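Structural overview
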Amino acid sequence: MSAPETPPPPAPRVSIEDLTKYYGQTLVLDEVYLDVHEHEVVCLIGASGSGKSTLLRCINQLVPYDYGTIRLDGVPVDDPSFGKTGLRKRIGIVFQAYNLFPHMNVLQNVTLAPRKVHGVGRAEAEDNARRLLGLLEMANFADKYPEQLSGGQQQRVAIVRALATDPDVLLLDEVTAALDPELIGGVLDVIRDLKDQGMTMAIVTHEMGFAKDVADRVCFLEDGRIIEEGLPEQLLVDPQEPQTRRFLQRIIDAGRL
Ligand SMILES: Nc1ncnc2c1ncn2[C@@H]1O[C@H](COP(=O)(O)OP(=O)(O)O)[C@@H](O)[C@H]1O
Ligand SMILES: [Mg+2]
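On a predicted model such as this, the values are computed, not experimentally measured, just so you know. (Residues numbered from 1 in each chain as written. Chains lettered and ligands numbered in written order. Predicted model: local features only at pLDDT ≥ 70, side-chain atom pairs only at ≥ 80, totals over all residues.)

1. Focus on the overall build of the chain
From N to C terminus, the chain includes nine helices and ten strands. Taking 18 Å as the expected radius of gyration for a compact globule of 257 residues, we find that the chain reaches 19 Å, a close match to that expectation. Across the 257 residues in the chain, those meeting the buried criterion constitute 41%. The contacts in the chain between residues at least 6 apart in sequence include a share of 65% that link residues at least 24 apart. (Helix = DSSP H or I, 4+ residues; strand = E, 2+ residues; numbered from the N terminus. Rg over C-alpha atoms; globule rule 2.2 N^0.38 Å. Buried ≥ 20, exposed ≤ 12 C-beta atoms within 10 Å, placed from the backbone. Contact = placed C-beta atoms within 7 Å.)

See the structure below:
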C-alpha cells in the first residue's frame, strides 16, 4: 500500500531572499532571508537602527534595495504586473506616526485610497469603511477630524485605512510607540483581533509581552541581519545567540519584559 501523499507545504505569502540594502556606504540590510506564510504573524524585534523599519519598507517597495528578491505569492514585488498601487493594495502598512490627513474626516481618510487609487465607487467604499470602523469600535467617529481624536483612536483609523484596500498582508511598524501608555492596550487588542481573523502580518514592536502573545515566530535583528528566529516562547525566554541574550537582558533591565 502506498503511503498517503502529504500535500506540499503552502508557498509563503511573502518570501524574502538575500535582501541587501545600503544607505550610501552604510549596510542597512545584510542578506536577510524571511518567509511569512498565510495567516502567520511574524514579530521583528531589535534595537533602534537594526533595520526593522527598512525591512518593512522594502517589502512594499517604499524604499529601493540593492540585492535580493522579495516575492508576494511567488511574484517579485517589483514585477511590472503589480504596479506600485497594485502592490500597496495587497500589502498594507501602518507606521508609528499615523499620518492621517488633517483636513479630512475619518471617513474621507479611510475611503481616499480605495476611491482615488483603486477606483472603488463612493457608496461601496463608504460602506466598507463603516464596516471596518465598526469592527475597530470607531463607528461613531466617521465624521470626526484627526485632531478631535486621541492618539489611540487615530492609530485605529490608520489601521482601518490600511485594511480598506483589503490587503493580503499587513505590515505594522511600532504602531503603539507614540501612544500614551493607557492607549496602547486597545490598539494591541485590535491587532490580536486581526490575527484571530487570519490576517497575515509582519509586526515590528518593542512590546515584548505582546510579541510573546501574538507572534507565531519572532525574529531578532542586529545590524541589518536576522541573528536568530524562533517560537516566541523559545526566543524570548531562552535565546540561543549571545546578541539576542544581550538585547533581551537590556529589555528586562528596563523592566519591559
Ligand atoms: N532615509 C535614510 N537615509 C539614510 N539612512 C537611513 C535612512 N533610514 C534609515 N537609515 C539608517 O538605516 C539604519 C536602519 O534604520 P531603520 O530601518 O530605521 O532601523 P530600525 O527601524 O530598526 O530602528 C540606521 O542606521 C538608520 O540610521
Ligand atoms: Mg524603526
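2. Looking at the packing of helix H5 (residues 151–163) against helix H6 (residues 181–196)
Contact geometry for H5 and H6: axes closest at 9 Å, N-to-C directions at 20°. Looking at the two axes, H5 sits roughly parallel to H6. The two elements H5 and H6 cross, and the hand of that crossing is right-handed. Contacts between H5 and H6 pair Gly151, Gly152, Gln155, Arg156 and Ile159 from the former with Leu183, Gly186, Val187 and Val190 from the latter. Its residues assigned to classes, the contact of H5 with H6 comprises four nonpolar, four polar and one charged. (Axes fitted to C-alpha atoms, helices over the stretch in contact; angles between N-to-C directions. Parallel < 35°, antiparallel > 145°, perpendicular 65-115°, else oblique. Left-handed = near helix turned anticlockwise from the far one by under 90°. Nonpolar A, V, L, I, M, F, W, Y, C, P; charged D, E, K, R; others polar.)

3. Things to note about the pairing of strand E8 (residues 200–204)
By the criterion of burial, E8 is predominantly enclosed, with five of the five residues buried. Of the two faces of E8, the one holding Thr200, Ala202 and Val204 and the one holding Met201 and Ile203 are both buried throughout. As defined by bridge partners, strand E3 (residues 41–46) adjoins E8 across four bridges and the pair is classed as parallel. Residue pairing for E8: leucine 44 is matched across the bridge by valine 204. For strand E7 (residues 169–173) and E8, the ladder comprises five bridges, and the chain directions are parallel. When the sheet's bridge partners are listed, aspartate 173 is paired in E8 with valine 204. (Pairing = 2+ DSSP bridges.)

4. Looking at the site of ligand 1
The full set of residues close to ligand 1 is Tyr23, Thr26, Val28, Gly46, Ser48, Gly49, Ser50, Gly51, Lys52, Ser53 and Thr54. It is helix H1 (residues 52–59) that contributes the most residues to the shell around ligand 1, three residues altogether. When the residues that make up the shell around ligand 1 are grouped by side-chain class, the tally is two nonpolar, eight polar and one charged. (Near = placed C-beta within 6 Å.)

5. Overview of helix H4 (residues 122–135)
For H4, spanning 14 residues, the distance from its first C-alpha to its last is 20 Å, which sits close to the expected 20 Å at 1.5 Å a residue. All buried positions along H4 are accounted for by Ala125, Ala129, Leu132 and Leu133. Projected down its long axis, H4 carries its buried residues within an arc of 100°, all on one side. Away from its buried face, by an angle of more than 90 degrees, H4 presents the exposed residues Ala123 and Glu124. On its buried face, H4 is in contact with helix H3 (106–117) and H5. Looking one or two places after H4, you find glutamate 137, whose phi comes out positive at around 55°. (Expected span 1.5 Å × (residues − 1). Arc of directions from axis to C-beta.)

6. Topic: unusual backbone geometry
Located in the positive-phi region is histidine 39, a residue other than glycine, with phi close to 70°. A residue is classified by how many C-beta atoms lie within 10 Å of it, and histidine 39, with 14 of them, is partly exposed. Located in the positive-phi region is glutamate 174, a residue other than glycine, with phi close to 50°. With respect to the helices and strands, glutamate 174 occurs in the loop between E7 and H6. Residue class for glutamate 174 comes out buried when judged on the 21 C-beta atoms lying within 10 Å of it.

7. A short note on the sheet that holds strand E2 (residues 26–36)
Read across the sheet, four strands follow the order E2-E1-E4-E5 without closing on themselves; strand pairing throughout is antiparallel. Every interior strand has two partners, whereas the edge strands, E2 and strand E5 (75–76), have only one.

8. Thoughts on the pairing of E7
In terms of burial, E7 is largely enclosed, as five of its five residues are buried. Residues of E7 alternate between two faces, with Val169, Leu171 and Asp173 on one and Leu170 and Leu172 on the opposite face, all of them buried. As judged from the four bridges shared by strand E6 (residues 91–94) and E7, these two strands associate in the parallel manner. What sits directly across from valine 94, in E7, is leucine 172. With H6 bridging E7 and the parallel E8, this β-α-β connection has right-handed handedness. (Right-handed = clockwise from strand over helix to strand, strands pointing away.)

It is worth stressing that arrangement in space is one thing and function is another; only the former is reported here.
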